[in-house]
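# Structure assessment
Below are the chains, spelled out letter by letter.
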2 protein chains.
Amino acid sequence: METSNIIEQTRSVMVKMVTDAWLAQNDRIDKLVGSLTDEQIAARTAPDRNTGTYIFGHLIAVSDRIVEALGWGGRSYPELDEPFLFKPDGSDLPRPSVSQLREYWTNVNKTISAGMATMQPADWFTRHSTVSAEDFEKEPHRNKLNILLSRSIHTSNHLGQLTYLKEKQEG
Amino acid sequence: METSNIIEQTRSVMVKMVTDAWLAQNDRIDKLVGSLTDEQIAARTAPDRNTGTYIFGHLIAVSDRIVEALGWGGRSYPELDEPFLFKPDGSDLPRPSVSQLREYWTNVNKTISAGMATMQPADWFTRHSTVSAEDFEKEPHRNKLNILLSRSIHTSNHLGQLTYLKEKQEG
């Protein structure tokens, strides 16, 4: 095998590991949110803790920012930042309905899937938009794939909380 | 640069991404658990949901299994599987005190750190003990590093729940 092929193959394995992880977490959010009514999502995940609406809106805002950080286009929903990222739950800021959030979630994931489809393995190891060229020279792990890795872990954190919206089953 | 060096460097970047993610999640658990009393950890994370003790024991059992899966040695705490992995919270099975769990947590993380220190970048891309050589041939992403990646995501899921043990602060 040619050298360039070996490197490409090594990168491909890594990309598969991380993109699979990302898609799996999003699939779990999809399934959970799809199984809940709007009222269930609007409830608090635990007494005095964030509502499902807040966490769901928060995840959509973070995903919308991924699109920009990875150079796939502009933000679709910058208006979500204030109510779901910068301010805590329960602020008086206007926010979309749960049913609108479902639509935004579907859309932003379509945009991300389309972006992912444009990437060659080597592209994932280039720097993302929030790291300078100089810093990237010294810290090549601050690449695009690492954005997807850290956001997968972030999604998982909130997925653990969102599961508390489900009716308690045995176990 | 020689070919082998380029491949090694590509692998190193990926190893750093995943091991950093693993260590960061564990550090967050460390800090959280360290900030809570035994009584706080023994409480439920939300009404009718798992206790902190159960989730903490569960994470230790999973980490203890990583040691074996990555070929770094045998299990230290196989007795945690029944009460924290195979059975739900609230079973009548005997289980260690929170203070013992704190000790186990420290120990298993030391074992994992020692194991990580023995690994060259290429080692991380070899198969783990629960995938056959034949399957690994077809699915090279099922490597040791992927175990650490999936377990980082798993830890994050439960970290999101464990944060509910903290006293509610503003925001």
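Computed from a prediction, not measured in an experiment: that's the story for all the values here. (Residues numbered from 1 in each chain as written. Chains lettered and ligands numbered in written order. Predicted model: local features only at pLDDT ≥ 70, side-chain atom pairs only at ≥ 80, totals over all residues. Heavy atoms only, no water.)

### Digging into the side chain of asparagine 157 of chain A
Note that asparagine 157 of chain A resides in helix H8 (residues 144–162). Taking relative accessible area as the criterion, asparagine 157 of chain A reaches 8% and is therefore assigned buried. With near-sequence residues (within four places) excluded, asparagine 157 of chain A lies in contact with Arg28, Ser156, Asn157, Leu159 and Gly160 of chain B. (Helix = DSSP H or I, 4+ residues; strand = E, 2+ residues; numbered from the N terminus. Buried < 20%, exposed > 50% of the residue type's maximum accessible area, 1.4 Å probe, protein only. Contact = heavy atoms within 4.5 Å.)

### Looking at the interface of chain A and chain B
A common measure of how large an interface is: the accessible area buried when the components associate. In this complex, chain A contributes 40 residues to the contact, which on the side of chain B involves 41 residues. Across the chain A/chain B interface, buried area totals approximately 3400 Å², and carbon plus sulfur atoms make up 70% of it. Sorting the residues of chain A by area buried against chain B places Met17, Arg49 and Tyr164 of chain A first, and these three jointly supply 22% of that buried surface. At the junction of chain A with chain B, the criterion picks out 13 residue pairs in polar contact (both at pLDDT 80 or more). Only helix H1 (3–35) and H8 of chain A provide two or more residues apiece to the side of chain A that touches chain B. Tallying contributions element by element places H1 of chain A first for the side of chain A that touches chain B, with 14 residues. Looking at the side of chain A that touches chain B residue by residue, the class counts come to 17 nonpolar, 14 polar and 9 charged. (Buried area = accessible area lost by both parts, 1.4 Å probe. Polar contact = N/O pair within 3.5 Å; in protein donor to acceptor, adjacent residues only side chain to side chain. Nonpolar A, V, L, I, M, F, W, Y, C, P; charged D, E, K, R; others polar.)

### A few points about the nonpolar core
Trp124 of chain A together with Met14 and Trp124 of chain B are the most contacted members of the largest nonpolar core, which has 90 residues in total. Elements supplying a minimum of two residues to this core: H1, helix H3 (52–69), helix H5 (98–117) and H8 of chain A together with helix H1 (3–35), helix H3 (52–69), helix H5 (98–117) and helix H8 (144–162) of chain B. Residues in contact with tryptophan 124 of chain B, not counting those within four places in the same chain, are Val15, Thr19, Leu70, Trp72, Met116, Met119, Asn143, Lys144, Leu145 and Leu148 of chain B. (Core = buried A, V, L, I, M, F, W, Y, C linked by side-chain atoms within 4.5 Å.)

### Section: the packing of aromatic side chains
On inspection of all chains with the given rule, the structure shows 9 aromatic pairs over all chains. Ring centres of tyrosine 54 of chain A and phenylalanine 84 of chain A lie 6.0 Å apart, and the angle between their planes is 55°; on these two criteria the pair is classed as tilted. On the criterion of sequence distance, the pair formed by tyrosine 54 of chain A in helix H3 and phenylalanine 84 of chain A in helix H4 (residues 81–86) is long-range, its members being 30 residues apart. Each ring, one from tryptophan 72 of chain B and one from tryptophan 124 of chain B, has its centre 5.9 Å from the other, and the planes form 90°; the classification is edge-to-face. With a gap of 52 residues between them, tryptophan 72 of chain B in the loop between H3 and helix H4 (81–86) and tryptophan 124 of chain B in helix H6 (residues 121–124) connect regions that are remote in the sequence. The buried category is assigned to tryptophan 124 of chain B, whose relative accessible area is 2%. (Phe/Tyr/Trp six-rings, centres within 6.5 Å; stacked < 30°, edge-to-face > 60°.)

### A short note on H5 of chain A
Residue and element names in this part refer to chain A. Helix length check: H5 (20 residues) gives 29 Å between terminal C-alpha atoms against 28 Å at 1.5 Å per residue, within 8%. Within the sequence span of H5, burial applies to Val98, Leu101, Tyr104, Trp105, Val108, Asn109, Ile112, Gly115 and Met116. Buried residues of H5, seen end-on, are gathered within an arc of 130° and therefore sit on one face of the element. Opposite the buried face of H5, at more than 90 degrees from it, the exposed residues are Lys110 and Ala117. On its buried face, H5 is in contact with H1, helix H2 (38–42), H3, H4, helix H6 (121–124) and H8. (Expected span 1.5 Å × (residues − 1). Arc of directions from axis to C-beta.)

### A few points about H8 of chain B
An α-helical turn contains 3.6 residues, so a residue and the one three or four places further along point in the same direction. Residues and elements named next belong to chain B. With 19 residues, H8 extends 27 Å from end C-alpha to end C-alpha; this agrees with the ideal 27 Å at 1.5 Å per step. The buried count for H8 comes to 16 of 19 residues, which makes it a mostly enclosed element. Where H8 begins, the side chain of asparagine 143 points an oxygen toward the backbone nitrogen of leucine 145, at a separation of 3.2 Å.

### Observations regarding unusual backbone geometry
If you check the backbone angles, aspartate 48 of chain A has positive phi at about 65° while not being a glycine. The topology assignment puts aspartate 48 of chain A in the loop between H2 and H3.

### As for the confidence of the model for chain A
Within chain A, residue pLDDT values average 95, and 98% of them lie at 70 or more. Both scores are given for the predicted complex: the pTM is 0.96, the ipTM 0.95. (pLDDT = per-residue confidence, 0-100.)

### Structural notes on the packing of H1 of chain A against H1 of chain B
Between H1 of chain A and H1 of chain B, whose axes approach to 10 Å, the crossing angle comes to 10°. Classified by the angle their axes make, H1 of chain A and H1 of chain B are roughly parallel. Contacts between H1 of chain A and H1 of chain B involve Thr3, Ile6, Ile7, Thr10, Arg11, Met14, Met17 and Val18 of chain A from the former and Thr3, Ile6, Ile7, Thr10, Arg11 and Met14 of chain B from the latter. (Axes fitted to C-alpha atoms, helices over the stretch in contact; angles between N-to-C directions. Parallel < 35°, antiparallel > 145°, perpendicular 65-115°, else oblique.)

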